[in-house]
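One letter stands for each residue in the lines below.
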Amino acid sequence: MALKSSSLLLLLLLVSATALVSGHLSPTFYSSTCPGLRRTVRSAMAEAVRQNPRNAAFLIRLFFHDCFVNGCDGSILLDSTAAFASEKFALPNNNSARGFELVDAIKARVEAICPATVSCADVLALSTQEGVALLGGPTWTVELGRRDSRAAFQSAANKEIPSPFDDLKELVALFRAKGLDARDMTALSGAHTIGQAQCFTYAPRIHEDRNIDGGFAARLRRTCPASGRGGARAPLDSRTPYRFDNAFYQELVAKRGLLHSDQELFNGGSQDKLVRRYSTDAAAFERDFAAAMVKMGALLPRPGTKGEIRRKCNRIN
Ligand code: HEM
Ligand SMILES: *[C@@H]1O[C@H](CO)[C@@H](O)[C@H](O)[C@H]1NC(C)=O
């Protein structure tokens, strides 16, 4: 009996310790402190996406690059200071991560109704979900309660964010390092159903790769030289560039992935079966994508880092 109750106690302790570490995030985190939050973010995003649908692409990419560096803590949003170098200038972000002004503007609207209450990391998480939904993608319940970092981590951004020249093994390893498995990685890559890439990111693919549709490569080579220079851009999903659907996977099956890294998901390897499945089963993609977004959104800084609620997203308080 004594043994039983002590092991029960131990179990309870373990369970509550796990809850403390794995997150205090909750969908209702601001429901009493900022009841107008969702409405405000939604109308700001609706306006922004109407102006330029690519805004939805900018924000989900920012969210991904934020979460992969010290967890989803708004660190990517900070400008450089004497104490740290901004992640904005890390290789995967420099001249390609966009949408910073939009996040700052949405945060300003949130500050106007709930001052010093909602973190920038949460504003980004909510805006991302609204953007995906506005382009016809799945919705999911956004967990909230993140805190903003008081520093940026440029060298981590250079090392931990995947590159378009990576092979499948490298992609799997970089996601696994964040607690995301190959299935999460393949589902999350479906975000490339929207948005664009610049020539330098796909030049080697269209000039050197063999596993590429001939007509597709020839057409792209007209505007994108092997040097990668010239400033051309192309949609990541040329079938439906601004519809958040499963056409990205259909393009992969047709060997029309724009990035080398994208085509790695369907190149005779471990993810082929899943790519084929997503290409024909939109509901399966949507389910897995939504679940993986929640999982990625739960990446947090190491326990013990307190953080803050930043007033302005581009600088610490
Ligand atoms: C699997 C590894 C990934 C690699 C190697 C990768 C790489 C890239 C590259 C090189 C670009 C083009 C950037 C530019 O030229 O300006 C891009 C764009 C984009 N990425 Fe990824 N990405 C990956 C995963 C993801 C994930 C997980 C998401 C979100 C969940 C995402 C969302 C986007 C979006 C929406 C764009 C278009 C941005 C725009 O229109 O400016 N990517 N990605
Ligand atoms: C970022 O891009 C600018 C403009 O192309 C370039 O001058 C600068 O050296 C880049 N920064 C880093 C850290 O690579």
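Residues numbered from 1 in each chain as written. Chains lettered and ligands numbered in written order. Predicted model: local features only at pLDDT ≥ 70, side-chain atom pairs only at ≥ 80, totals over all residues. Heavy atoms only, no water.

S.K.: What's the story with the packing of aromatic side chains in this structure? I'm lost.
M.R.: Geometry of an aromatic ring pair is reported as the spacing of the ring centres plus the angle between the planes. Enumeration according to the criterion identifies 12 aromatic pairs in this entry. Judged by centre distance (6.2 Å) and plane angle (10°), the rings of phenylalanine 244 and phenylalanine 285 are stacked. Taken together, the positions of phenylalanine 244 in the loop between β2 (233–235) and α11 (247–253) and phenylalanine 285 in helix α14 (residues 282–297) put the pair 41 residues apart, joining distant regions of the chain. Arranged with centres 5.0 Å apart and planes meeting at 55°, the rings of phenylalanine 244 and phenylalanine 289 form a pair that is tilted. Here phenylalanine 289 lies in helix α14 and phenylalanine 244 lies in the loop between β2 and α11, a separation of 45 residues in the sequence. Assigned by exposure class, phenylalanine 244 and phenylalanine 289 land together as buried. Every member of this aromatic cluster is reached through a ring pair, and the members are Trp140, Phe244, Phe248, Tyr249, Tyr278, Phe285 and Phe289. Sitting over the ring of phenylalanine 100, lysine 88 keeps its end group 4.5 Å from the ring centre. (Phe/Tyr/Trp six-rings, centres within 6.5 Å; stacked < 30°, edge-to-face > 60°. Helix = DSSP H or I, 4+ residues; strand = E, 2+ residues; numbered from the N terminus. Buried < 20%, exposed > 50% of the residue type's maximum accessible area, 1.4 Å probe, protein only. Lys NZ or Arg CZ within 6 Å of the ring centre and 35° of its normal.)

S.K.: How do you make sense of the coordination of the iron atom of ligand 1 when you look at a structure like this?
M.R.: Around a metal, the idealised angle for a tetrahedral arrangement of four donor atoms is 109.5 degrees; for an octahedral arrangement of six donor atoms it is 90 or 180 degrees. For the iron atom of ligand 1, the protein supplies a single donor, His192 (NE2), at a distance of 2.0 Å. With respect to the helices and strands, histidine 192 occurs in the loop between α8 (182–188) and β1 (196–198). (Donors = N, O, S within 2.8 Å, 3.2 Å for Na, K, Ca; no water.)

S.K.: How should I be thinking about the site of ligand 2 in this particular structure?
M.R.: The local shell around ligand 2 consists of Phe89, Asn94 and Asn95. Note that an oxygen atom of ligand 2 is positioned 3.0 Å from one of the side-chain N or O atoms of asparagine 95. When ligand 2 is considered free in solution it has 360 Å² of accessible area, and contact with the protein chains removes 35% of it. (Near = heavy atom within 4 Å. Polar contact = N/O pair within 3.5 Å; in protein donor to acceptor, adjacent residues only side chain to side chain. Areas by Shrake-Rupley, 256 points an atom, 1.4 Å probe, with all protein chains shown as cover.)

S.K.: How should the side chain of arginine 205 be read in this particular structure?
M.R.: Mapped onto the elements, arginine 205 comes out in helix α9 (residues 199–208). According to the relative accessible area criterion, arginine 205 is buried, its value standing at 1%. In contact with arginine 205, not counting residues within four places along its chain, are Asn211, Ile212, Lys255, Gly257, Leu258, Leu259, His260 and Gln263. (Contact = heavy atoms within 4.5 Å.)

S.K.: Please clarify how the domain arrangement of the protein chain should be interpreted in this entry.
M.R.: Accessible area lost when the parts come together is the quantity often used to give the size of an interface. We note that the domain assignment places domain 1 (33–161 + 300–308) and domain 2 (179–294) within the protein chain. A buried area of about 1,400 Å², summed over both sides, lies between domain 1 and domain 2, and 71% of it is on carbon and sulfur atoms. Together, Arg54, Leu135 and Pro138 form the three largest contributors to the area buried by domain 1 at its contact with domain 2, with a combined 39%. Where domain 1 packs against domain 2, one counts zero salt bridges. Viewed at the interface, domain 2 and domain 1 are joined by three residue pairs in polar contact (both at pLDDT 80 or more). (Domains from an automatic or database assignment. Buried area = accessible area lost by both parts, 1.4 Å probe. Salt bridge = Lys/Arg side-chain N within 4 Å of Asp/Glu carboxyl O.)

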